[in-house]
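Reading the structure
Here's the letter readout for the chains.
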Amino acid sequence: MQDGETLSEWPAIGTDEEKPANSREKGLNRVLHILEFLHATQRAIGIGELAKGLNAPRSTTYTLVRELVDAGLLEMAGDGNRVYFGKKLYLYGMAYMRGNDLLRRGRQEVDALSRETGETSELCMLQSGRYTIVHSSPGTRPFRISSATGLQIPLPWTASGRLLLAGLERNRIEAMICEDDLVLPDGRKIELEDFIDDIGKARVTGYCVTSGLVDAYTKCLAAPVFSAPGTVEATMCLVVPIDTSQERTGELVALLRERAARLSIS
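Keep in mind that what you see is a predicted model, and the values were worked out from it rather than measured. (Residues numbered from 1 in each chain as written. Predicted model: local features only at pLDDT ≥ 70, side-chain atom pairs only at ≥ 80, totals over all residues. Heavy atoms only, no water.)

According to the stated counting rule, one finds 1 aromatic pair in the structure shown. A ring pair is formed by Tyr84 and Phe85, whose centres lie 5.0 Å apart and whose planes are at 45°; its orientation type is tilted. Tyr84 gets classed as partly exposed once you look at its relative accessible area, which sits at 24%. (Phe/Tyr/Trp six-rings, centres within 6.5 Å; stacked < 30°, edge-to-face > 60°. Buried < 20%, exposed > 50% of the residue type's maximum accessible area, 1.4 Å probe, protein only.)

It is worth spelling out the pattern of salt bridges at this point. Enumeration according to the criterion identifies 15 salt bridges in this entry. Glu109 is paired through a salt bridge with Arg262; the nearest N and O atoms lie 3.4 Å apart. Within this pair, whereas Glu109 is found in helix 5 (residues 101-117), its partner Arg262 is found in helix 9 (residues 246-263), the two being separated by 153 residues in sequence. Of the charged contacts in the structure, one is a salt bridge between Glu251 and Arg248, with a shortest N-O distance of 3.6 Å. With Glu251 and Arg248 both in helix 9, this residue pair falls 3 residues apart, about one helical turn. (Salt bridge = Lys/Arg side-chain N within 4 Å of Asp/Glu carboxyl O. Helix = DSSP H or I, 4+ residues; strand = E, 2+ residues; numbered from the N terminus.)

Another point: the packing of helix 4 (residues 87-99) against helix 5. Where helix 4 contacts helix 5, the two axes come as close as 5 Å, and the packing angle between them is 90°. Relative to helix 5, helix 4 is oriented roughly perpendicular. Contacts from Tyr96, Met97, Arg98 and Gly99 of helix 4 reach helix 5 at Asp101, Leu103, Arg104 and Arg107. Looking at side-chain class alone, the contact of helix 4 with helix 5 contains 3 nonpolar, 1 polar and 4 charged residues. (Axes fitted to C-alpha atoms, helices over the stretch in contact; angles between N-to-C directions. Parallel < 35°, antiparallel > 145°, perpendicular 65-115°, else oblique. Contact = heavy atoms within 4.5 Å. Nonpolar A, V, L, I, M, F, W, Y, C, P; charged D, E, K, R; others polar.)

Structure representation (structure tokens):
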């Protein structure tokens, strides 16, 4: 079975290399792993590559993907050799947005903040141990800053990561951070102790500013959104050029904190 095979050529259900004792539970876990893998990959991929990435039997993966395609949760891309998220997941996501008060209001605040400042603005949350952009609004600068809804980044690379972990016990923080998370894109390494110190400082100050972590050209300003006193549910962020003046940075931080407070439950 190769990535060149089309959906109609995949093996029939039940002709796999393994029959787990608890097949329903295992099948559900594998479906979740498929969705997580596609989300992390951020592109359509071949079925063989998907099976390899999941370290799962190929025929099991073919069967599950076929069922997800039939259900509209996944769609075939290209010549039917690759798979990615389907329209039904988009509709589920839109329904979630309508039903989630914080996300609905947060999108409005982020869009308004971007229009007002001209800077790229984001609403970010913790998802699967990663900083995740749940909504992004581009600024008006000719110089475009890379920011995309759904993008997941290691927590130590971001200002938001330091706020999203504020209030957690050290052992929980350590459990969420692996060695690779501490290595920046340019190869520099953040020391775990420094990162934990930064989390403590962010908790005290009520905001965080980082410079030149994800790239050498930007800095990130973030303020916490609370779902309960002391519990950070999300952050509002601005991504600005690294040469933004200290005075302008201070003004933007104050504005961020004001807007984040609007979203917070006091």
